[in-house]
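Listed here are the chains, written in short residue letters.
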Amino acid sequence: AIIREHLAAKGLGLFNDLQNEASVVGNFPFIRMVEEHGNDRQRSEYIPKLADGSMAYAFGLTEPSHGSDATWMTTVATLEGDFWVINGMKTWNTGVDHA
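Here the structure is a predicted model, which is why all the values come from computation and not from measurement.

1. Notes on the overall build of the protein
Point 1. Summing up its helical and strand segments, the protein has four helices and four strands in all.
Point 2. In the protein, the succession of α and β elements from N to C terminus is α-α-α-α-β-β-β-β.
Point 3. Each of the 99 residues in the protein was classed as buried or not, and the buried ones make up 10%.
Point 4. Taking the contacts inside the protein whose residues are at least 6 apart along the sequence as the reference set, 39% of them involve residues at least 24 apart.
Point 5. Approximately 8,000 Å² of the protein is accessible, and the part contributed by carbon and sulfur atoms is 57%.

What follows is the structure, encoded as structure tokens:
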């Protein structure tokens, strides 16, 4: 709320929507995912680099038939030997041009 009040006082014009949390504060879902689901090595290696911007990542959620409803995702990852193979289709892939 304090961030919204500060930005509203500055006058955002047509450049932002204060109702949308992601537009007010950076949205970094991968850091949160690693924090919750990563092992100790992944947390210690990835989180600092992601937070300081020295590591980039790509994030794909939306699918052609389901949008961003993660409960309907059909993309799957299977472990084949030592590698994960990802099969599926994504519509928007955030950060793929930098990762």
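Having seen the structure, we can now continue with the description.
2. Quick look at the packing of aromatic side chains
Point 1. Across all of its chains, the model carries one aromatic pair by this definition.
Point 2. Summarising the aromatic geometry, the rings of Phe30 and Tyr57 are spaced 5.0 Å apart at their centres and angled 20° between planes, so their arrangement reads as stacked. Here Phe30, found in helix 3 (residues 29–37), pairs with Tyr57, found in the loop between helix 4 (40–52) and strand 1 (59–60); they are 27 residues apart in sequence, far enough to count as distant.
Point 3. In this structure Phe30 comes out as partly exposed when scored by relative accessible area, which is 25%.

3. Focus on the pattern of salt bridges
Point 1. As enumerated under the stated definition, the model contains five salt bridges in all.
Point 2. The salt bridge partner of Arg41 is Glu45, with a shortest N-O separation of 2.8 Å. Of this pair, Arg41 and Glu45 both sit in helix 4, four residues apart, roughly one helical turn.
Point 3. The exposure class assigned to Arg41 is partly exposed, which follows from its relative accessible area of 46%.
Point 4. Judged by relative accessible area, Glu45 falls into the partly exposed class, the value being 30%.
Point 5. Of the charged contacts in the structure, one is a salt bridge between Glu63 and Lys90, with a shortest N-O distance of 3.0 Å.

4. Examining the confidence of the model for the protein
Point 1. Residues with a pLDDT of 70 or more make up 75% of the protein, whose mean pLDDT is 79.
Point 2. Put simply, helix 2 (residues 21–24) is where the protein has its lowest mean pLDDT, 50, and helix 4 is where it has its highest, 94.

Calculation rules
Residues numbered from 1 in each chain as written. Predicted model: local features only at pLDDT ≥ 70, side-chain atom pairs only at ≥ 80, totals over all residues. Heavy atoms only, no water. Helix = DSSP H or I, 4+ residues; strand = E, 2+ residues; numbered from the N terminus. Buried < 20%, exposed > 50% of the residue type's maximum accessible area, 1.4 Å probe, protein only. Contact = heavy atoms within 4.5 Å. Areas by Shrake-Rupley, 256 points an atom, 1.4 Å probe, with all protein chains shown as cover. Phe/Tyr/Trp six-rings, centres within 6.5 Å; stacked < 30°, edge-to-face > 60°. Salt bridge = Lys/Arg side-chain N within 4 Å of Asp/Glu carboxyl O. pLDDT = per-residue confidence, 0-100.

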